[in-house]
Amino acid sequence: MEVMSVAVWCGVTVAVVMMVYGWRFFNWVWLRPKRMEKSLREQGLTGNPYRFLFGDLKEMVQMGNQAKLKPIKLTDSIVPRVMPFYYTSANTYGNIFFTWMGPRPMVHVTDPPLIRQILANYNQFQKARGGNPLTKMLARGIADADADQWVKHRKIINPAFHVEKLKHMLPAFHISCSEMINKWEGITKGESCEVDVYPHLQTMTSDVISRTAFGSSYEEGRRIFELQVEQAKLVIQAAQSMYIPGSRFLPTKRNRRMKEIDTEVKRTIRKIINKRVTTKEKGESTKEDLLGLLLDSNEKEIKQQGNKNSGLNIDEVIEECKLFYFAGQETTSALLVWTMILLCQHANWQDRARDEVLKVFGDRKPDIDGLSHLKTINMILHEVLRLYPPAVALGRMIHEETKIGNLTLPSGAPLMLHLMFLHHDPDIWGDDVNEFNPERFAEGVSKASKGQASFLPFGGGPRICVGQAFAMLEAKLALVMILRRFSFDLSPSYSHAPHTVITLQPQFGAQLILSEL
Ligand code: HEM
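Procedures and definitions
Residues numbered from 1 in each chain as written. Predicted model: local features only at pLDDT ≥ 70, side-chain atom pairs only at ≥ 80, totals over all residues. Helix = DSSP H or I, 4+ residues; strand = E, 2+ residues; numbered from the N terminus. Rg over C-alpha atoms; globule rule 2.2 N^0.38 Å. Buried ≥ 20, exposed ≤ 12 C-beta atoms within 10 Å, placed from the backbone. Contact = placed C-beta atoms within 7 Å. Near = placed C-beta within 6 Å. Nonpolar A, V, L, I, M, F, W, Y, C, P; charged D, E, K, R; others polar. Pairing = 2+ DSSP bridges. Core = buried A, V, L, I, M, F, W, Y, C linked by C-beta atoms within 7 Å. Axes fitted to C-alpha atoms, helices over the stretch in contact; angles between N-to-C directions. pLDDT = per-residue confidence, 0-100. Parallel < 35°, antiparallel > 145°, perpendicular 65-115°, else oblique. Expected span 1.5 Å × (residues − 1). Left-handed = near helix turned anticlockwise from the far one by under 90°.

Counting its regular elements, the protein contains 19 helices and 13 strands. Computed over C-alpha atoms, the radius of gyration of the protein comes to 25 Å, within 12% of the 24 Å expected from 2.2 N^0.38 for 517 residues, which places it in the range of a compact globule. Dimensions of the protein, computed from C-alpha atoms along their principal axes, come out at roughly 95 × 60 × 40 Å. When the 517 residues of the protein are sorted by exposure, 40% land in the buried category. A separation threshold of at least 6 residues defines the contact pool for the protein, and within that pool the share at least 24 residues apart is 74%.

As structure tokens, this is what we get:
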């Protein structure tokens, strides 16, 4: 009799648990999305009707794969190829619309004042959360912090990127760039030769981060970078598949490798930090690289506040170091590769840039003062960042019901702010929006567009890119050194195929004919 009642009790418990989970699943996959859709439509927003479980994912992936099959003409707008699904949705539904990331509606914003308002209000519109938590293994750090945590991180990190400090990093930029130029000279051997410059630029920008972040420990820095590249590939795979809660704990091949990489990267950075602390204790200077500056700024903050919690702990410092690679390497190599490609297409601008370089520096080693006086190169880089922004869109999250403009957006919806749409809008930039015309930046960024400032390649508001000056300095130095040594044209084997792998990249590389000068 007693055995019977235990069995009945167990059966009832299992049934209740199953009902609770079943209800939760039904709510996640159907009731919640339908409720949110109703609320969004009541606000006047439009988008595709919700489709069970996958939403727009299948169509989005299909259109993305289709677009990647064909290169485009050099004169074509890149937007339909880079973001085919969002481009079609924006054309169908207007400048604020929603799409379905599985059972979650994502609100898309392309309107400049609204984007600026959202970026300015960093507390209300926080970083996007959700999706596969394993994707966070690539980098967390300040880019993943919000509210008070973000304020603390930003305060400690800012001094490391101060222009005064960047001055001391110029020699490291110079070494990495010289190594690349030497390699190109080894290939061209005094003549003209086809080189896919993209992998070389990627190696150069990663080398710059390894040297500037870790100084003397730069060989270990390189190893971290190799692991981070592999991790990025796995993260992209994970982000492109729908995340079933809990599946990160499954011992799949990908999950296991991601965890292994994460452990090794953390262990290596921890070793570098420990070595640094020992060096410091011996009274030797460690302040010239990003890690040293970060540790220094951290120590000052803790001393000033008299409280250990006001600084970063070792795990947080590790995450910031990982983030430097993630945030600073592919972005800057993307800027440089598109600059070289566009200067091939527009030989008159390549000549103008070279003339300026020779006038300012001649054969002299580039210094920070000269680099900050390169007006033509600055205009060129701005125009490249407008047409080919390395970060095509920024993600945010609506954490609680939020009013914005005339809209009240429901809690739980991710937001996507489309920088590339903004940079390619003829109403903002004029009818020549798709043309490469650095002249539009001749009187500075604020006068480049009609009316409101809509040039946001480094984001905006308080969370604007902390590495902006670092990236511009590195890009200018690299261009000076390249332009002085080589002229370059597009090779007949080059296919114009911009696509995004987190940043905006040339899908089939950048085959240029390099000619030694
Ligand atoms: C051309 C090069 C670069 C571009 C286009 C770029 C773009 C951006 C953008 C758009 C954001 C804002 C993200 C958001 O609001 O969600 C950002 C943030 C950030 N960037 Fe960059 N970036 C570049 C280079 C760098 C470099 C070289 C570093 C460091 C070595 C760096 C470090 C960071 C960090 C740490 C953040 C997070 C700032 C915060 O959340 O407060 N970036 N970047």
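Another point: the site of the ligand. Around the ligand sit 22 residues, and of these Gly 328, Thr 331, Gly 459, Cys 465 and Gly 467 come closest. At 7 residues, helix α13 (residues 314-345) tops the list of elements feeding residues into the shell around the ligand. Split into classes, the residues belonging to the shell around the ligand amount to 15 nonpolar, 5 polar and 2 charged.

Moving on to the sheet that holds strand β6 (residues 393-398). Reading across the sheet, the 6 strands line up as β1-β2-β3-β9-β6-β4 and stay open at both edges, with mixed pairing between neighbours. Strands with a single pairing partner mark the edges of an open sheet, and in this sheet they are β1 (46-47) and β4 (125-126). Pairing of strand β3 (residues 104-109) with strand β9 (residues 414-418) involves 3 bridges; the strand directions are parallel. Opposite Val 109, over in β9, you have Leu 417 as the bridge partner.

Bringing the nonpolar core into the picture now. Core analysis: the biggest nonpolar cluster contains 123 residues, and Val 337 and Met 340 have the highest contact counts within it. Looking at this core, the element that brings in the most residues is α13, giving 17 residues. Other than its neighbours up to four places away in sequence, Met 340 contacts Val 197, Phe 488, Ala 510 and Leu 512.

Relative to the helices and strands, Arg 396 resides in strand β6. For Arg 396, a count of 23 C-beta atoms within 10 Å translates into the label buried. For the pair Arg 396 and Leu 119, spaced 277 residues apart in sequence, the C-alpha to C-alpha distance is 9.0 Å. The contacts of Arg 396, once residues within four sequence positions are left out, are Ile 118, Phe 125, Gln 126, Lys 127, Ala 128, Leu 415 and Leu 417.

Bringing the sheet that holds strand β13 (residues 511-516) into the picture now. Spatial ordering of the open sheet is given by β5-β13-β10, a layout of 3 strands whose pairing is antiparallel. Two strands in the sheet have a free side with no partner beyond their single neighbour: β5 (192-196) and β10 (486-490). The mean inter-strand angle of the sheet, taken between neighbouring strand axes irrespective of direction, is 35 degrees. Relative to β13, β10 runs antiparallel, the two being bridged by 5 bridges. Bridging from a neighbouring strand, Phe 486 pairs with Glu 516 of β13. Relative to the sheet, helix α8 (residues 170-188) contacts β5, β10 and β13, its axis offset from that of β5 by approximately 130 degrees.

What follows concerns the environment of Lys 167. Mapped onto the elements of the fold, Lys 167 is located in helix α7 (residues 163-167). Each C-alpha atom, one on Lys 167 and one on Asp 146, is 30 Å from the other, the two residues being 21 residues apart in sequence.

For Ala 147, which is not glycine, the phi dihedral falls at a positive 50 degrees. Even without a glycine there, the phi angle at Ile 502 is positive, about 70 degrees. Considering the arrangement of structural elements, one finds Ile 502 in the loop between β11 (498-501) and β12 (503-506).

A low pLDDT score tells you not to read the predicted coordinates there in detail. Here the protein averages 90 in pLDDT, while 95% of its residues score no lower than 70. Here the prediction assigns the complex a pTM of 0.93, and the interface score ipTM is 0.99.

All right, on to the packing of helix α14 (residues 347-361) against helix α16 (residues 375-387) then. Running from N to C, α14 and α16 point in directions that differ by 140 degrees, and their axes come no closer than 8 Å. Put simply, α14 runs oblique to α16. In this structure, α14 contributes Trp 349, Arg 352, Ala 353 and Glu 356 to the contact, and α16 contributes Thr 376, Ile 377 and Ile 380. Of the residues in the contact of α14 with α16, the class split is 4 nonpolar, 1 polar and 2 charged.

Turning our attention to helix α12 (residues 290-305). Taking 1.5 Å per residue as the helical rise, α12 with its 16 residues ought to reach 22 Å, and the 22 Å between its terminal C-alpha atoms agrees with that figure. Turning to α12, its buried residues number three or more, namely Leu 290, Leu 291, Gly 292, Leu 293, Leu 294, Leu 295, Ser 297 and Asn 298. Tucked inside the fold, the buried residues of α12 contact α6 (147-157), α7, α9 (197-214), α11 (253-281) and α13. Count one or two residues on from α12 and you reach Gly 306, which has phi positive near 65 degrees.

A word on the pairing of β9. With 5 of 5 residues buried, β9 is to be regarded as a mostly interior element. Burial of β9 is two-sided: the residues Pro 414, Met 416 and His 418 facing one way and the residues Leu 415 and Leu 417 facing the other way are all buried. As judged from the 5 bridges shared by β6 and β9, these two strands associate in the antiparallel manner. Across the sheet, the residue bridging to Met 397 is Pro 414, located in β9.

Below, the discussion takes up the packing of α13 against helix α19 (residues 468-485). Remark: α13 packs on α19, axes separated minimally by 10 Å, with the N-to-C direction vectors making an angle of 40 degrees. Here α13 lies oblique to α19, going by the angle between them. Pair α13 / α19 crosses with right-handed handedness. Along its contact with α13, which presents Gly 328, Thr 331, Thr 332, Leu 335, Leu 336 and Thr 339, the element α19 presents Phe 470, Ala 471, Glu 474, Ala 475, Ala 478 and Leu 479. Among the residues making up the contact of α13 with α19, the classes are represented as 7 nonpolar, 4 polar and 1 charged.

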